[in-house]
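Here is what each chain is made of, one letter per residue.
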Amino acid sequence: MKIALVVPFDISGFLFCKALILDLIQRSDGQLVIIGDQFSDSSDFVDQIKDWGVPFERVKMTQHINPFRDIVYTYNLYKLFRKNNFDAVITICTKPNIYGAIAAKLAGIKSFLPSVFGRGTAYLEDNRFSRVMLKKMLDILYRNSFFLSTRVWFTNPNDVAYFVNKGYIKREKVILTKNYIDVEKYSPKILSSNKKTRLMDELGLLETDKVVISVGRMIYPKGVKEFVEASKILALDHPEIKFLLVGNEELTSPDAVPGEFLRESSKSANFQWLGFRDDVLDLYSISHLAVLASYYREGGYPRALTEPMAMGKAVIAADTPDCRGPVEDGKNGYLVQAKDSLDLADKISKILLDDKDISKFGDYSLVKARSEYDERVIVGDLTTEFFSHIASK
């Protein structure tokens, strides 16, 4: 069986889809092709994907809506699908989902599985005309994608409820799982003591510091502003609490946090914006607490929480339906009010000023991550259900 897995970028395939890719290699008898754009000029992620024994076909894609380029993207997907005569196409994230459906239909592919890992900023409560029209357009495109699909994979029950209640998809088409992580890769034992010392020296951290980290896109709905403000609130009374913010500068999103604001904030002794890093696991290792103060339409179980949980870290999340899933309030961390910097600062200090809470919450996180988010279980169940449905057609 020839299978195409369409991802937005090579980094998406490498960081988030390894288990799925390895499973699909087996199910396709080695006839799997990964399709996506390159995240940067470097081919490092493409090379690492190829090292898993699977070819990578590049198709350029813009991150935000651009009608002309999106038509070109759809046509290029169609050409690849038709050329390779795939038996099944699986897509990851919004643009591959909505445009991959059209390309697969035109190419005569009968089995199509889109995946919805959150609805994104377009679905936030926002009455601006541009946002209202974008949401309406995405609704139409999603409805078409679901109509053309064999099944649809969701990781957020709130997304399922939204689209089912709108009449865009029948519930029997839904495959609902939690999001997954590699619990062996994200391990508390990942970092050697020597490497830990070097990394802390690089970042100017002391053994007595308490480190809180937030990883994500540099857009306002991810709670970036609140994280920065919390650092300012705690700077005077608790200078030993150090804030690390990790994520590439956003240059095209209308919700982007200005780079100048982040650079100016980094002048504070207790706050560092690190930009893009390829050593996020190491950064989690030297941290005591991970925060995601997001009011973004997340996928239900954000990796910015589940990854550090698998490494035995306490976590804090915004108390929103799409973000709070991994956090059991008072057991592995705390929930905070969205857009509330004071509440966030209070909960950060409450955990980091009590070594018992750091340890207790971290231990609970580790157990929860290993029992609920193991990719070997979730991916196996997903692909078994999808391919059993193909076989029964």
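What counts and what doesn't
- Residues numbered from 1 in each chain as written.
- Predicted model: local features only at pLDDT ≥ 70, side-chain atom pairs only at ≥ 80, totals over all residues.
- Heavy atoms only, no water.
- Patch = residues over 30% accessible without salt bridge, like charges linked within 9 Å, V, L, I, M, F, W, Y side chains within 5 Å.
- Areas by Shrake-Rupley, 256 points an atom, 1.4 Å probe, with all protein chains shown as cover.
- Salt bridge = Lys/Arg side-chain N within 4 Å of Asp/Glu carboxyl O.
- Lys, Arg positive; Asp, Glu negative; His and termini not counted.
- Charge placed at Lys NZ, Arg CZ, Asp CG, Glu CD.
- Helix = DSSP H or I, 4+ residues; strand = E, 2+ residues; numbered from the N terminus.
- Buried < 20%, exposed > 50% of the residue type's maximum accessible area, 1.4 Å probe, protein only.
- Pairing = 2+ DSSP bridges.
- Axes fitted to C-alpha atoms, helices over the stretch in contact; angles between N-to-C directions.
- Arc of directions from axis to C-beta.
- Contact = heavy atoms within 4.5 Å.
- Phe/Tyr/Trp six-rings, centres within 6.5 Å; stacked < 30°, edge-to-face > 60°.

1. Considerations on a negative patch on the surface
- A cluster of acidic side chains, namely Asp44, Asp47, Asp51 and Asp278, defines a negative patch on the protein surface.
- The residue aspartate 44 is located in helix H3 (residues 44–51) in this model.
- Relative accessible area serves as the criterion here: at 47%, aspartate 44 is assigned to the partly exposed category.

2. Some points on the environment of lysine 50
- Mapped onto the fold, lysine 50 is located in helix H3.
- A C-alpha to C-alpha distance of 9.3 Å links lysine 50 and isoleucine 34, two positions 16 residues apart in sequence.

3. Let's talk about the environment of lysine 170
- Tracing the backbone through its elements, the reader meets lysine 170 in the loop between helix H7 (157–165) and strand E7 (174–176).
- Considered as a pair, lysine 170 and phenylalanine 146 are 24 residues apart in the sequence and their alpha carbons are 8.9 Å apart.

4. Some thoughts on the sheet that holds strand E10 (residues 271–275)
- In space, the six strands of this open sheet follow the order E10-E9-E8-E11-E12-E13, with parallel pairing throughout. At either end of the open sheet lies a strand with only one pairing partner, and these are E10 and strand E13 (333–336). Taking each pair of neighbouring strands and ignoring which way they run, the sheet shows an average axis angle of 20°.
- Here four bridges tie strand E12 (residues 314–318) to E13, and the two strands are oriented parallel to one another.

5. Structural notes on H3
- Buried residues of H3: Phe45, Val46 and Ile49, and no others. Angularly, the buried residues of H3 cover 100° about the axis, an arc narrow enough to put them on a single face.
- Contacts from the buried residues of H3 go to helix H1 (10–16), strand E2 (32–37) and strand E3 (56–58).
- Looking one or two places after H3, you find glycine 53, whose phi comes out positive at around 95°.

6. Looking at the packing of aromatic side chains
- With the rule as written, the count across this model stands at 23 aromatic pairs.
- When the ring of phenylalanine 146 is compared with that of phenylalanine 163, the centres are 5.0 Å apart and the planes differ by 80°; the resulting orientation is edge-to-face. Here the residue phenylalanine 146 occupies a position in helix H6 (residues 129–148), and phenylalanine 163 occupies one in helix H7, the gap between them amounting to 17 residues. For the pair shown, phenylalanine 146 and phenylalanine 163 are each scored as buried.
- Joined through ring pairs, the aromatic side chains of Tyr123, Tyr142, Phe146, Phe154, Tyr162, Phe163 and Tyr168 make up one cluster.

7. Regarding the pattern of salt bridges
- Evaluated as defined, the whole model comprises 33 salt bridges.
- Here arginine 277 makes a salt bridge to aspartate 279, at a shortest N to O gap of 2.8 Å.
- Given a relative accessible area of 17%, arginine 277 falls into the buried group.
- Among the residues examined, aspartate 279 registers a relative accessible area of 16% and is labelled buried.
- What you see here is one network of salt bridges that share partners, running through Lys178, Glu328, Lys331, Lys368 and Glu372.

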